[in-house]
Amino acid sequence: MNLSGKVIWITGASSGIGEAITYALAKEGCKLILSSRRIEELNRVRGNLKLADKDVLILPIDLEQHQHTDEWVKRVMDNFNRIDILINNGGISQKSYALATDPVVERKIMDVNYFGNVALSKAVARIMQQQKNGKIAVISSIIGRFGLPDLSTYSASKHALYGFYDSFRLEVKDDNIKILIVSPGFINTNVAINAVKGDGNLVNENSPAMEKGMKTNVFAKKFVSTLKSNKNHKYIGKKEIYAVPFKMIFPNTFYNLMLKMSKKNK
Ligand SMILES: NC(=O)c1ccc[n+]([C@@H]2O[C@H](COP(=O)([O-])OP(=O)(O)OC[C@H]3O[C@@H](n4cnc5c(N)ncnc54)[C@H](OP(=O)(O)O)[C@@H]3O)[C@@H](O)[C@H]2O)c1
């Protein structure tokens, strides 16, 4: 698929993976809608793009407030009159044991990572249905294929994306809407710093796994080449992505290994 001139909406464009994807897509000559909560960070990213003003829309959104999705979609349609691709990437992580996590925090993580994500996709898919064309790329995680301590609700939200989009892909096939799920391994972003603790406060501390993770520009290059392909799913990361097939083939050995590793890291 040639991406030049395509109207592409990226959520979580203010930082990390979404920011790197934005730069990669700008080089492909796309028209971009940049969304997340922090308008000043979106403007910083926009300032790094060599695109004409008419080809970029800054649209602040809070995925937790997903009752507003139709208004957001209207803003995009008023500006570009079509949406070729949605990259549903915005999300938050967690660092807390389940028994120490307030239900309000669990609800917030699910609202942002799952309900907000799905509500936006459904609103955009209705436009794509009329266009008889479109693609929705969703950023899940390898943690959407297995669990780890401190990540129970995050892991649940990313598993839930698989269930929804594997079903949705079959439902929208005849409308010529394609669904791509991308599951990153460990990517060197601020995701661990921006994660929430059990009481809802930010972690504000990086994790060694993220620090050693794949660089965002390397991720973005692989992501864009996957976006151009006809793939339904792709894992992108370093050797940690092999944990997924390992768990499928040796589930009990995998569990014992994870237990040993989590005890060592305590
Ligand atoms: N880094 C990894 O190792 C890794 C691995 C697997 C999956 N992922 C997934 O990749 C995606 C991007 O994360 P990242 O690693 O790039 O981390 P990041 O640097 O913390 O970026 C997260 C992005 O999501 C946005 N966001 C957070 N809460 C939001 C909300 N309520 N409404 C709208 N936007 C919101 C943030 O922008 P604002 O703060 O401006 O709203 C930011 O742009 C996430 O879905 C994450 O779960 C990351």
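Look above for the structure.
Here the residue numbers are simple positions, counted from 1 along each chain's written sequence. Totals for whole chains, interfaces and linings use every residue, but because this is a predicted model, local features are given only for residues with pLDDT of at least 70 and side-chain atom pairs only at 80 or more, for both listing and counting.

## Details of the pairing of strand E5 (residues 134-139)
- With six of its six residues buried, E5 lies for the most part within the structure.
- As a rule, residues whose C-beta atom has 12 or fewer other C-beta atoms within 10 Å are exposed, those with 20 or more are buried, and those in between are partly exposed; C-beta atoms are placed from the backbone. A run of DSSP states H or I qualifies as a helix once it reaches four residues; a run of E qualifies as a strand once it reaches two. Both are numbered from the N-terminal end. Residues Gly134, Ile136 and Val138 line one face of E5 and the alternating positions Lys135, Ala137 and Ile139 line the opposite face, and both faces are buried.
- With strands facing away from the observer, any crossover in which the path from the first strand over the helix to the second runs clockwise is taken as right-handed. Read from strand E4 (residues 85-88) through helix H4 (residues 103-131) to E5, the crossover connection turns out right-handed.
- Pairing between strands requires that DSSP locate at least two bridges from one strand to the other. Two strands pair when backbone bridges link them, and E5 and strand E6 (residues 177-184) are joined in this way by six bridges, in the parallel orientation. Within the sheet, the bridge partner assigned to Val138 lies in E6 and is Ile181.

## Details of the site of the ligand
- Near, as applied to residues and a molecule or strand, means the residue's backbone-placed C-beta atom lies within 6 Å of it. Taken together, 32 residues lie near the ligand, and Gly12, Gly16, Arg37, Gly90 and Gly91 sit nearest.
- Per element, the largest residue contribution to the shell around the ligand is three residues, and it comes from helix H1 (residues 16-27).
- Broken down by class, the residue content of the shell around the ligand amounts to eleven nonpolar, 16 polar and five charged. Under the scheme applied, nonpolar residues are Ala, Val, Leu, Ile, Met, Phe, Trp, Tyr, Cys and Pro; charged residues are Asp, Glu, Lys and Arg; polar residues are all the others, including Gly.

## Considerations on the pairing of strand E1 (residues 7-11)
- Here E1 lies mainly inside the structure; five of its five residues are buried.
- Where burial is concerned, the two faces of E1 agree: the one with Val7, Trp9 and Thr11 and the one with Ile8 and Ile10 are both buried.
- Looking at chain direction, E1 and strand E2 (residues 31-35) are connected through five bridges and run parallel. Its bridge partner lying in E2, Trp9 is registered against Ile33.
- Between the parallel pair E1 and E2, the chain is carried across by H1, and the sense of this crossover is right-handed.
- With three bridges connecting them, E1 and E4 associate as parallel partners. Within E4, the position partnered with Ile8 by the bridge is Ile85.

## Notes on the packing of H4 against helix H5 (residues 152-171)
- The axes used here are C-alpha line fits, helices contributing only the stretch in contact, and every angle between their N-to-C directions lies in the interval 0 to 180 degrees. Put simply, H4 and H5 touch, their axes get as near as 9 Å, and they point 20 degrees apart. Viewed along their axes, H4 and H5 adopt a mutual orientation that is roughly parallel. Note that H4 runs across H5; the crossing there is right-handed. Within the contact between the two elements, H4 uses Glu106, Ile109, Met110, Asn113, Tyr114, Asn117 and Val118 and H5 uses Thr153, Tyr154, Ser157, Lys158, Ala160, Leu161 and Phe164. Here is the rule for angles: anything less than 35 degrees is roughly parallel, anything more than 145 is roughly antiparallel, 65 through 115 is roughly perpendicular, and the remaining ranges are oblique. Here a crossing is called left-handed whenever its near helix is offset anticlockwise from the far helix by less than a right angle, and right-handed whenever the offset is clockwise. By definition, residues are in contact whenever their C-beta atoms, placed on the basis of the backbone, come within 7 Å of each other.

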